[in-house]
Amino acid sequence: MFNLKPIMKPAVMAAALSALISPAFAEETVLIAGWGAKSGPLRSFGVNSEAVLKAAVKEVNDSGGIMLSDGRNATLEYIYFDSACNAEQAISVARKVASETSALIGIGPTCSGAAAAMFGVFQKTVGDDSDTGLQFPILTDTAVRNGLAKISQWTFRNTPNEPDMYDKLFAWVAKTYPDLKTIYGGTETDQGHSNGTYSKVIVQASKRHGFDWATGAIEGVTGDLGSGSTEVLDSSSNWLMADTNFSVQARAFKKSNADIYIISSHPFTTCGMLKELKRRRAEPKLMIGLTSSSSAEVMKGCPDAAEGMIIPTSFAPITPAAEKVAMLANENGGDADLHSAAAWENVMIIKRVIESVGIGNTPETLVADRRMIRDGLETLEMTDGLIGEVQRVQDEGEALKPYVFVQATEGKWAVIHDPRAMQ
Amino acid sequence: MGIDFVDIAQAIIDGLLFGSTYALIGLGFTLIFGAMHKLNLAYAASAIAGAYVGLAMITLTGLPSVLAFFLGPIASGVIGFAVYVTCFRYIPTTNMLAPLMASIGALFFIDEIVIHATAGSPLSFPAVMEDIYLEFGDFGFRGDLIFVLAISLIAMAVLMYILFRTRLGLATRAVSQQPIAAELCGIAGHRTNAITFVVTGALGGLAGCMAAAAVGVISPLLTVPITVKGLIVTVIGGLGSIPGAIIAGFAVGGFENLFLLLFGVNQRDIYVFLLLFVFLVFRPGGVFDTAIERD
């Protein structure tokens with residue numbers, strides 16, 4: 001009688017292992033990749049995005065997973081990488097994900113500067129054989145600087161459209177606060193998003209709606225996007241992202257006697273500047289902030305000093321879906337805000353696209369699957385957002401997301417206006 | 001918007017007040033350099049980490065917020081000791097590069113621990129006399145910055161007392177100037193260096209708390225600029241020169257604000273670094289060219 005016991009256990013383990021690594025098993029899983037700032041001072045952005053991404057993936061799987069072209073359902077899985085807020089690291093992660101993993105699409109990165117550089121290594125025009133850039137679809141959730149997605153036809157974004165947001169905001173401010181006439185402001189000049197949005201979008205939007213620069217008209221600013229942007233920066237009182245002393249800037253703000261202060265920066269310096277203004281008894285009639293500051297960080301850092309500040313944002317828990325995502329984000333150790341909430345929407349968009357284009361999801365079809373997903377993204381005209389439908393601007397790969405205006409009120413961001421009500 | 005005399009004077013005064021935190025950080029760098037002839041680049045990271053610990057303690061335990069200014073320095077002292085043990089203690093004194101690189105590693109390590117513990121979120125830091133703003137005509141003075149200046153001056157005075165009026169200070173100076181002779185006289189060099197790291201760590205923790213209180217917010221973003229400013233202060237003041245570090249700290253704070261007012265934020269640091277180069281070229285020994293030599 002042969003004793004099979006000694007060889008049975010390894011045999012069963014080997015069989016199980018081979019089943020795990022076999023193509024048949026692999027076909028049951030659809031892999032997506034995410035990356036964002038998980039280290040460095042902007043770590044909270046990556047933490048929040050991953051928390052929401054994790055919740056969204058679970059939601060998809062709880063509702064049956066993703067249907068493949070042959071009718072089978074696959075489980076959605078994700079891998080998440082740290083690209084910090086660093087262009088080289090973001091490029092490195094993109095190359096690694098595209099060449100070494102079976103991920104079908106990427107979500108990220110965090111920072112606009114990193115995104116601008118990263119998008120540059122992707123194939124600019126689909127099907128251009130002379131361009132050896134990465135052929136891997138991206139659906140960015142966080143990097144928000146205006147106009148980045150058109151760098152490559154492989155790159156798409158589901159981020160807010162700030163020119164539209166600030167245009168509507170100043171239209172509303174002009175109507176709601178007719179006595180306010182003058183503005184003054186400043187930005188973090190070393191941050192592409194803060195700087196670009198301030199000098200090319202916000203000040204021009206204010207001009208368009210009849211507001212005057214408190215210290216005299218800025219040459220070249222006509223109200224058109226980007227007009228007189230250099231002069232805007234020269235006329236403002238600015239700072240850097242890691243600055244610790246805002247006394248000179250706060251004095252300039254106060255001296256301007258403007259009705260409205262514009263503070264276009266990320267949470268750390270927004271709080272530094274707001275606290276300095278408060279200590280110097282600078283009392284504007286209204287303060288307007290950058291979209292990125294409509295987050296929990298400002299409420300943790302300077303709730304009192306931020307009181308009254310108004311910011312347009314594409315996320316607020318005003319619908320049951322948005323409330324649910326906000327709760328799930330907290331359960332996963334993060335916060336849902338205008339950046340991270342987009343990760344939820346992106347996962348749902350990816351599920352919809354994959355199911356509509358019918359991918360093979362095998363190693364042999366990986367390249368074709370990625371291309372089909374890219375093409376599927378391009379055909380989208382409308383997607384479901386957490387606070388309403390999102391319109392796609394496909395010649396630019398961008399989104400027109402619904403948004404609301406929030407105001408810092410007693411340590412929370414309270415929704416004070418929904419522009420859709422005006423339409 | 002035009003710049004008048006009041007703007008210039010106010011900018012310089014504000015800069016001097018804030019410069020007291022630079023002076024404290026510069027003092028820490030210079031004391032360690034004076035004691036060991038080595039730079040501890042993890043110094044500002046330890047200072048900010050200590051301030052975080054102080055904030056965490058008062059937040060978690062509900063202690064009065066002013067205690068952050070005591071708990072922070074204690075925590076920084078402990079971190080300073082850990083940095084000494086890991087980056088300096090067991091590396092031969094003849095190897096100049098290894099401790100420098102180790103301290104750079106410690107800088108990023110400490111910073112990343114803070115970032116992971118807080119997700120990098122800025123946190124509100126308590127300030128003393130925050131509601132006080134003294135106005136004299138067009139001039140205004142923040143009460144909390146006056147408090148920062150006062151505490152910094154007291155800390156400097158205590159440090160000077162320790163260095164020049166106590167046996168510990170005598171031992172520190174002896175090890176700094178003649179380490180072999182000091183050992184022969186029975187002074188334990190490693191123990192003295194360890195105490196120096198603890199004392200300077202506590203000083204740094206106080207500076208970290210003061211800087212966070214002056215901004216009103218604490219963030220890991222504070223680490224690198226404070227490290228850079230501390231190094232500039234140390235060089236301008238003269239490596240190893242205590243009065244030099246104090247004077248240079250105030251001067252850098254004042255000039256930094258003046259350059260900001262006159263040239264804008266994008267050119268401010270160009271002029272601050274130009275100031276550094278001017279000193280390196282024309283007065284490499286710093287404001288008070290130190291005559292301390294080592295065997």
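Rules and cut-offs
Residues numbered from 1 in each chain as written. Chains lettered and ligands numbered in written order. Predicted model: local features only at pLDDT ≥ 70, side-chain atom pairs only at ≥ 80, totals over all residues. Heavy atoms only, no water. Disulfide = S-S within 2.5 Å. Helix = DSSP H or I, 4+ residues; strand = E, 2+ residues; numbered from the N terminus. Buried < 20%, exposed > 50% of the residue type's maximum accessible area, 1.4 Å probe, protein only. Polar contact = N/O pair within 3.5 Å; in protein donor to acceptor, adjacent residues only side chain to side chain. Contact = heavy atoms within 4.5 Å. Pairing = 2+ DSSP bridges. Axes fitted to C-alpha atoms, helices over the stretch in contact; angles between N-to-C directions. Buried area = accessible area lost by both parts, 1.4 Å probe. Salt bridge = Lys/Arg side-chain N within 4 Å of Asp/Glu carboxyl O. Nonpolar A, V, L, I, M, F, W, Y, C, P; charged D, E, K, R; others polar.

K.L.:
Teacher, can you tell me more about the state of the cysteines here?
P.N.:
On inspection of all chains with the given rule, the structure shows two disulfides over all chains. Across the disulfide, A:Cys85 is cross-linked to A:Cys111 (sulfur-sulfur distance 1.9 Å). Judged by the sign of its S-S torsion, about -125°, the bond between A:Cys85 and A:Cys111 is left-handed. Within this pair, whereas A:Cys85 is found in the loop between β3 (73-82) and α4 (87-100), its partner A:Cys111 is found in the loop between β4 (106-107) and α5 (112-119), the two being separated by 26 residues in sequence. For A:Cys85, a relative accessible area of 37% puts it in the partly exposed group. Taking relative accessible area as the criterion, A:Cys111 reaches 9% and is therefore assigned buried. Shown here is the disulfide that connects A:Cys271 with A:Cys302, its sulfur atoms set 2.1 Å apart. Judged by the torsion about the S-S bond (-70°), the A:Cys271/A:Cys302 disulfide is left-handed. Placement of A:Cys271 in helix α10 (residues 267-279) and of A:Cys302 in the loop between α11 (296-301) and α12 (303-306) is noted, with a sequence separation of 31 residues between them. With respect to class, A:Cys271 is no different from A:Cys302; both count as buried. In chain A, the bonded cysteines, taken in the order they occur along the sequence, pair up as 1-2, 3-4. A:Cys271 provides the cysteine sulfur closest to B:Cys209, a residue in no disulfide bond, and the two sulfurs are 18 Å apart.

K.L.:
Got a minute to help me understand the side chain of A:Ser112 in this structure?
P.N.:
All names here are of chain A. The residue Ser112 is located in helix α5 in this model. Judged by its relative accessible area of 7%, Ser112 falls in the buried class. Reaching out from Ser112, the side chain makes a polar contact with the backbone nitrogen of Val144 at a distance of 3.2 Å. Discounting residues that sit within four places of it in the chain, Ser112 has contacts with Ala143, Val144, Arg145, Leu148 and His193.

K.L.:
What is the right way to read the sheet that holds strand β12 (residues 382-384) of chain A from this model?
P.N.:
Think of a sheet as strands paired side by side through backbone hydrogen bonds, with each pair either parallel or antiparallel. All names here are of chain A. The sheet built from three strands is open, its strands ordered β12-β13-β14 with antiparallel pairing. Two strands bound the open sheet, and with one partner strand each, they are β12 and β14 (398-400). Adjacent strand axes in the sheet meet at a mean angle of 35°, parallel and antiparallel pairs treated alike. In the sheet, strand β13 (residues 389-393) pairs with β14 via three bridges, with the strands oriented antiparallel. Within the sheet, the bridge partner assigned to Arg392 lies in β14 and is Ala399.

K.L.:
What exactly am I supposed to notice about the interface of chain A and chain B here?
P.N.:
Where the parts come together, the accessible area they lose is often given as the size of the interface. Tallying the contact residues gives 38 residues for chain A and 47 residues for chain B. Together chain A and chain B conceal approximately 3500 Å² of surface at their shared face, both sides included; 56% is due to carbon and sulfur atoms. Linking chain A with chain B are eight salt bridges. The shortest N-O distance in the salt bridge between B:Glu135 and A:Lys254 comes to 3.9 Å. At the surface where chain A touches chain B, the tally comes to 20 residue pairs in polar contact (both at pLDDT 80 or more). Listing elements by their share of the side of chain A that touches chain B, those giving two or more residues are α3 (43-62), α9 (247-256), α10 and α11 of chain A. Broken down by element, the residue count for the side of chain A that touches chain B peaks at eight residues, all from α9(A). Residues that form the side of chain A that touches chain B fall into these classes: twelve nonpolar, 13 polar and 13 charged.

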